[in-house]
Amino acid sequence: MSNPSLLILPGDGIGPEVMAEVRKIIDWFGAKRDLQFDVSEDLVGGAAYDKHGTPLHDDTMAKAQEVDAVLLGAVGGPKYDNLDFSVKPERGLLRLRKEMDLYANLRPAQCFDALADFSSLKKDVVAGLDIMIVRELTSGIYFGEPRGIFEEGNERVGINTQRYTESEIDRVARSAFELAMRRGKKVCSMEKANVMESGILWREVVTEVGKDYPEVELSHMYADAGAMQLCRWPKQFDVIVTDNLFGDLLSDAAAMLTGSLGMLPSASLGAPMENGRPKALYEPVHGSAPDIAGQGKANPIACILSFAMALRYSFDQGAEADRLEQAVETVLAEGKRTADLLGDEGATPVSTAEMGDAIVAALDASL
Ligand code: NAD
Ligand code: IPM
Ligand code: MN
C-alpha cells in the first residue's frame, strides 16, 4: 500500500518557521515509528500571490482535493494589506475551506499543567481545562450573499449576509454530538437567537439533532453570554458548537485560557471520503504574526499539535498522536518556553528551532 499523502502549505510570516519544526516531527515519525508520508509542498497566501498573482493556484487547489490531508502554516501580512480584496492571502485559505467543504472546524483548548500559572486567568480557573470548540467553517456571514461594497444614494454601504440552511446546521451539529459522545457527553450551542433569525433556526436544528443523542446533555447560550462564561468558568464546557464568525472570536478567546495563541491547533474536517476518512486540513489557530516573523521567536507548538490532530483524525494513529502531545507536555514541564509563554519576567526563551528540537528529543525519550 502506498504511504498516506500530506500536502504542506507553509504560507506567510511565521508559517514557514513553524512548519520547519513540523517537518522535523514528520521525519522523526518516518525514521523511528516507520510512519512514512508522501509529503509535497506548495504555496498559499501571499507567497502564492508573489509567484502566481493569486493566493491559491488552481493546481494547488486540485492537489489539496487529492491528498489525504493538508497541513497549513498561516497566511497574510502587512505587505498584502493593500491588495485587491479578491487576491488577499486570506482568500486562499477561505477557498481551500470552501472548495474542500470543510464544514467542521475543531478547535480544542487544552491547558497543559505546566502552563496553568501562565494564563492571564487564575490557575484554578484553567488548570485541567479541556474543551472543544466546533466552529462551522463553510457558511454563515463569511460566505453569505449578497455581499460587497455598494453605492447607495450619496454614500457607500458594506454588506455581508449571515445565512444558514438547515442542512448546514444539521451536519456541523452532528459533528459536535459525535465528538461529545467520545468526550464528556455535553454540548453547548451558542448563537444569538434573541436577535438573529439564523440563530433561531440554529437553535431549532441543533435541538432536533440532539434528540438522536439522548446520552448527550445539550444546553444553549447566547454567544455574548458564552464569551463571558468562557472567561468566568471555562471548565463548565465540554463541546461548544457555534457558527463561523462566533467560532472565530470564541476560539481566539479560548486560546488565551491555554496561555498563548501559539498553543492552539485546529482540524477542519469535511464529509467522509470513499476510504471512510474525512477530507481534512490542519492548521494552527494563530495567524502569520508579522510582529515576530523572521526572528526565530514563534511558538511552533500550535502547528505541531495540528499535526498530532492529523495523526488522530486522518491517519488512525491515535496512540502516536498521544505520544506527540505527551512530548509537548514533557518539554513544557521541563520549563522550556518560547517568548510568548514567558511574559515580561526576563527569563530566557528558547527559539522556534530549539523548541522543535526539544520536542524531537522528548519523542526519542518516549521510545
Ligand atoms: P496573529 O495570530 O498573526 O497574531 C496575534 C498575536 O499573537 C501577535 O502578537 C503574534 O505575535 C502572536 N502570535 C500568534 N501566533 C504566535 C506564535 N505561534 N508564537 C508566538 N506568538 C504568536 O493575528 P493578527 O496579528 O491579527 O493577524 C496577522 C495576519 O495573519 C493577518 O493578515 C491575518 O489575516 C492573518 N491570520 C491568518 C490566519 C490563518 O492563516 N489561519 C489566522 C489568523 C490571522
Ligand atoms: C482563522 C483566521 C481566518 C478566519 C482568516 C485568516 C481568514 O482568523 O482561521 O481563525 O477568519 O477564519
Ligand atoms: Mn481567527
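Residues numbered from 1 in each chain as written. Chains lettered and ligands numbered in written order. Predicted model: local features only at pLDDT ≥ 70, side-chain atom pairs only at ≥ 80, totals over all residues.

Draft legend 1. Representation of the overall build of the protein chain. Along the protein chain, the regular secondary structure elements total 12 helices and 12 strands. A globule of 367 residues ought to have a C-alpha radius of gyration of about 21 Å, and the protein chain, at 20 Å, matches this closely. Overall, the protein chain is about 60 × 50 × 50 Å in size when its C-alpha atoms are taken along their principal axes. Expressed as a percentage of the 367 residues in the protein chain, the buried residues total 47%. Residue pairs in contact within the protein chain that sit at least 24 positions apart in sequence constitute 74% of those at least 6 positions apart. (Helix = DSSP H or I, 4+ residues; strand = E, 2+ residues; numbered from the N terminus. Rg over C-alpha atoms; globule rule 2.2 N^0.38 Å. Buried ≥ 20, exposed ≤ 12 C-beta atoms within 10 Å, placed from the backbone. Contact = placed C-beta atoms within 7 Å.)

Draft legend 2. Representation of the UniProt feature "binding site: substrate" (unreviewed entry) in the protein chain. Listed under "binding site: substrate" (unreviewed entry) in the UniProt record, and renumbered for this structure, are Arg 97, Arg 107, Arg 135 and Asp 224. A maximum C-alpha distance of 25.9 Å shows the annotated residues, which cover 128 residues in sequence, to be distributed over more than one spot. Following the sequence through the fold, Arg 135 ends up in strand β5 (residues 130-136). For Arg 135, the residues in contact, after removing those within four places along its chain, are Asn 105, Arg 107, Thr 242, Asn 244, Gly 247, Asp 248 and Ser 251. Inspection of the secondary structure assignment puts Asp 224 in helix α8 (residues 223-232). Given 13 C-beta atoms within 10 Å, Asp 224 falls into the partly exposed group. (UniProt positions renumbered as here; feature names shortened; annotations may be inferred.)

Draft legend 3. Spotlight on the site of ligand 2. The local shell around ligand 2 consists of Gly 76, Glu 90, Leu 93, Leu 94, Asp 248, Val 285 and Gly 287. If you tally residues by element for the shell around ligand 2, the top one is helix α4 (residues 89-99), at three residues. (Near = placed C-beta within 6 Å.)

Draft legend 4. Structural view of the nonpolar core. Of all hydrophobic cores here, the largest spans 104 residues; its most connected members are Val 70, Leu 71, Val 134, Ala 176, Ile 240, Ile 304 and Phe 307. Here this core gets 10 residues from one element, more than from any other, and that element is helix α10 (residues 301-313). Residue contributions to this core reach at least three from each of two domains, namely domain 1 (1-109 + 260-367) and domain 2 (130-252). If we ignore the near neighbours within four places in the chain, the residues touching Phe 307 are Val 22, Ile 25, Ile 26, Leu 71 and Tyr 282. (Core = buried A, V, L, I, M, F, W, Y, C linked by C-beta atoms within 7 Å. Domains from an automatic or database assignment.)

Draft legend 5. Molecular detail of the sheet that holds β5. The mixed open sheet is built from 10 strands, whose spatial order is β2-β1-β3-β12-β11-β4-β5-β10-β8-β9. The open sheet is flanked by β2 (38-41) and β9 (217-222), the only strands paired with a single partner. Going from strand to strand, the sheet's axes swing by 20° on average, the running direction of each strand aside. Strand direction decides the pairing type here: strand β8 (residues 186-191) and strand β10 (residues 239-242), joined by four bridges, are parallel. Bridged to Ser 189 within β10 is Val 241. Lying on the sheet, α8 is in contact with β8, β9 and β10; it crosses β9 at an angle near 105°. (Pairing = 2+ DSSP bridges. Axes fitted to C-alpha atoms, helices over the stretch in contact; angles between N-to-C directions.)

Draft legend 6. Quick peek at helix α9 (residues 244-257). Here α9 contains 14 residues, and its C-alpha end-to-end distance of 20 Å stays within 8% of the 20 Å for a straight helix at 1.5 Å per residue. Within the span of α9, buried status applies to Asn 244, Phe 246, Gly 247, Leu 250, Ser 251, Ala 254, Ala 255 and Leu 257. Looking straight down α9, one finds its buried side chains confined to an arc of 170°; they lie on one side. Gly 259, located one to two residues past α9, shows a positive phi value of around 115°. (Expected span 1.5 Å × (residues − 1). Arc of directions from axis to C-beta.)

Draft legend 7. Looking closely at the environment of Ala 308. Assignment of secondary structure puts Ala 308 in helix α10. For the pair Ala 308 and Ala 321, spaced 13 residues apart in sequence, the C-alpha separation works out to 4.6 Å.

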